[in-house]
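# A closer look at the structure
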Amino acid sequence: MEFKEITREENLVYKRTPLMTDTPLSYCPGCGHGTVHRLIMEVVEEMGIQEDTIGIAPVGCSVLAYDFMDVDFSQAAHGRAPAVATAIKRLWPEKFVFTYQGDGDLAAIGTAETIHACNRGENIAIFFVNNGIYGMTGGQMAPTTLEGMRSSTSPYGRNSETMGPPYKITELIAQLDGTHYVTRQAVHKPGPVRKAKKAIRKALELQKENKGLSFIEFVSNCNSGWKMTPNDSNIWMEENMFPFYPMGDIKVDGKLVKG
Amino acid sequence: MKGNEAIAEAAIRAGVDGYFGYPITPQSEVMEYLMLQKPEERTGMVVLQAESEVASINMVYGAAGTGKKVMTSSSSPGISLMQEGISYIAGAELPCLIVNVVRGGPGLGTIQPSQADYFQSTKGGGHGDYRLIVLAPASVQEMADFVDLGFELAFKYRNPTMILSDGLIGQMMEKVELPPQKERVTEFDQSWAITGKTKDRERNIITSLNLDPDKQYEHNLKLQEKYKSMEQDVMFEKIDCDDADFLLVAYGSSARICQKVVEMARSRGKKVGLLRPQTLYPFPSNELARMARKVKGMMAVELSAGQMVEDVRLAVNGKVPVSHYGMMGGKIHSPDDVLKALEDKYIGGY
């Protein structure tokens, strides 16, 4: 097929998400962050809520999330995004407010803010990308680093006896009355990407209905921090991360999913 | 009305949109009063008890980014905990009001009044080169008045304002004339505030991050220029200064004590005056330099081991001797204590 033929309107199956900016992503090739960014912006575009959406960027790899997503943004101090989002939503109850956070940000330094925003049932969405490591600072151990997993601060593997075991903050916050929708997703293959996008849509629709807090964990890779090729990191993630952080809904309509 | 209650009532009347706080003695009456008043019904003001001072200052940061009027209050240890957030607010150039009803330190210290947070408030407190606008009320009336003034200056410079009070001013009861009720503002500055990106403008981003060192340098130059320009809003009160040949310099509760000292000294025939800074940043350095040409000596009176005295000495620049007197918080100097110290200096010379 000729090039011109391929690029004809009816043959196009994919185009750049209009609400992603022209700024090249700062993420490593193979990283899941770009996909999660794109999915959030696709949903915002499809719902027609760009003018009413405010994002909160964390500290970590996605600190520059505001460079890539074309909505008003506030950057937050390390771990404090849920507190920042709480106040913005309280003052702008009609806006859609989401935080975008990594595992060190959300599950270590920001644990208090995460738990209390969830417990108050703030009507916001928390998008939590869990790659089991501190990426930005160079691959240190995170609260979500698996038992035995090597990192620059657990070079001989995480020893649960001295370093504490990894913990599942998503299951933890699902126990709180304030959370309405809690789910765990992935974005490494087309199937999971479609499911993840549905979850994002659901979270923002629920916010419109004032249902309270939606929390989506995206189990993702960090091929640089894990020191693997992108493909190997995805295989490793499926074999090691998914058994500990199982995919699927944890809480729907304010009720824990039995399973 | 108590000083702390005056702050709370004045906040409702100033049309404040949001208050985020955490209980700590001796300022808990601020949030207690607000909650009792049902400000969500009176003006639509949001009042939220946060899980910590860390959360409350970050709520203030988030809310200030919307362009609305927001504030918090705390006392010394809580303010220490907020310093990272305050640095972010200064770096991101957001307007807000922070009230510090100071207690004695360091550490958990005491719940009694102190003025030992002067350095922390006027020299930065958190990391980086930044300044707060610092207002020092000396009466319950000023507790009320400085709320509106604090927001006016905060929005003028897009900078956090701190009301630096202490346990004495916060807890004492005085008559107060309350300001009239202001409407809450509904139009926000689209040039910077996060209000939702409309088609006719670029997205607004609230951040204090500049990875590019050149940009950070430029940002810092701009901030420094802003801090310097604040000098035009310096405020102070002069009591019996015209014929004075000895000057007391004191703010807040110490200024109240010194007012009495001036009376007592003058009844003994000593020409003593009092300069009371109402803004601690900007500091009335120029006025002190002028006064240094007229008086024989100065004494800074503070409830600390001597903090503001350093700024007085800088302003006077060696022209006249400057001494310090003060108990370090917890215990409060009486007018008699100050008068004795004054007479030692005044008569004993330097």
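In terms of regular secondary structure, chain A is built from 11 helices and 10 strands. Over its C-alpha trace chain A gives a radius of gyration of 18 Å, about what one expects of a compact globule, namely 18 Å for 259 residues. Viewed in the frame of its principal axes, chain A has a C-alpha envelope of about 60 × 45 × 35 Å. Split into buried and exposed, the 259 residues of chain A put 53% on the buried side. For chain A, contacts bridging at least 24 residues in sequence account for 67% of all contacts bridging at least 6.

Residue and element names in this part refer to chain B. On domain assignment, one finds that chain B holds domain 1 (3-193 + 221-232) and domain 2 (236-348). One C-alpha centre belongs to domain 1, the other to domain 2, and the line joining them spans 27 Å. A total of 4 residues in the side of domain 1 that touches domain 2 trace back to one element, the largest contributor, which is helix 7 (residues 118-122). Of the residues assigned to the side of domain 1 that touches domain 2, the class counts are 15 nonpolar, 8 polar and 3 charged.

Moving on to the sheet that holds strand 10 (residues 246-249) of chain B. Residues and elements named next belong to chain B. Taken together, 5 strands build an open sheet; the order of strands is 9-11-10-13-14 and the sheet is mixed. Here the strands that pair on one side only, and so sit at the sheet edges, are strand 9 (236-239) and strand 14 (322-325). Each strand axis lies, on average, 20° off the axis of its neighbour in the sheet, ignoring direction. In terms of strand pairing, strand 10 meets strand 13 (residues 297-301) through 4 bridges, oriented parallel. Counted as the bridge partner of F246 is G297 from strand 13.

This next bit is on unusual backbone geometry. Residue and element names in this part refer to chain B. In this structure, the amide linkage connecting G105 to the following residue, P106, adopts the cis form with an omega of 0°. As for its position among the elements, P106 is in the loop between strand 4 (96-104) and strand 5 (110-113). The linkage connecting Y281 with the following residue, P282, adopts the cis geometry, with an omega of 0°.

With 29 residues of chain A at the contact, the number on the chain B side is 32 residues. Those elements that place two or more of their residues in the side of chain A that touches chain B are strand 1 (53-57), strand 2 (72-75), helix 4 (81-91) and helix 6 (111-120) of chain A. Looking at the side of chain A that touches chain B element by element, the count peaks at 8 residues for helix 4 of chain A. Taken together, the residues that form the side of chain A that touches chain B break down as 15 nonpolar, 6 polar and 8 charged. Taken together, the 2 bridges between strand 2 of chain A and strand 8 (residues 205-206) of chain B define a ladder with parallel strand orientation. Pairing of S74 of chain A across the sheet is with I206 of chain B, part of strand 8 of chain B.

Another point: the sheet that holds strand 2 of chain A. As summarised here, the arrangement of the 9 strands in space is 10(A)-9(A)-7(A)-8(A)-4(A)-3(A)-1(A)-2(A)-8(B), forming an open sheet in which the pairing is mixed. The sheet terminates laterally at strand 10 (255-256) of chain A together with strand 8 of chain B, the two strands that pair on one side only. The pairing of strand 1 of chain A with strand 3 (residues 96-102) of chain A spans 4 bridges and is classified as parallel. For I54 of chain A, the partnering residue across the bridge sits in strand 3 of chain A and is V97 of chain A.

A word on the packing of helix 4 of chain A against helix 6 of chain A. Residue and element names in this part refer to chain A. Taken N-terminus to C-terminus, the directions of helix 4 and helix 6 make an angle of 35°; their axes are 7 Å apart at the nearest point. Residues P82, A83, A85 and T86 of helix 4 touch helix 6, and the partners they reach there are E113, T114 and A117. Each residue belonging to the contact of helix 4 with helix 6 can be placed in one class, and the counts come to 4 nonpolar, 2 polar and 1 charged.

Conventions adopted
Residues numbered from 1 in each chain as written. Chains lettered and ligands numbered in written order. Predicted model: local features only at pLDDT ≥ 70, side-chain atom pairs only at ≥ 80, totals over all residues. Helix = DSSP H or I, 4+ residues; strand = E, 2+ residues; numbered from the N terminus. Rg over C-alpha atoms; globule rule 2.2 N^0.38 Å. Buried ≥ 20, exposed ≤ 12 C-beta atoms within 10 Å, placed from the backbone. Contact = placed C-beta atoms within 7 Å. Domains from an automatic or database assignment. Nonpolar A, V, L, I, M, F, W, Y, C, P; charged D, E, K, R; others polar. Pairing = 2+ DSSP bridges. Axes fitted to C-alpha atoms, helices over the stretch in contact; angles between N-to-C directions.

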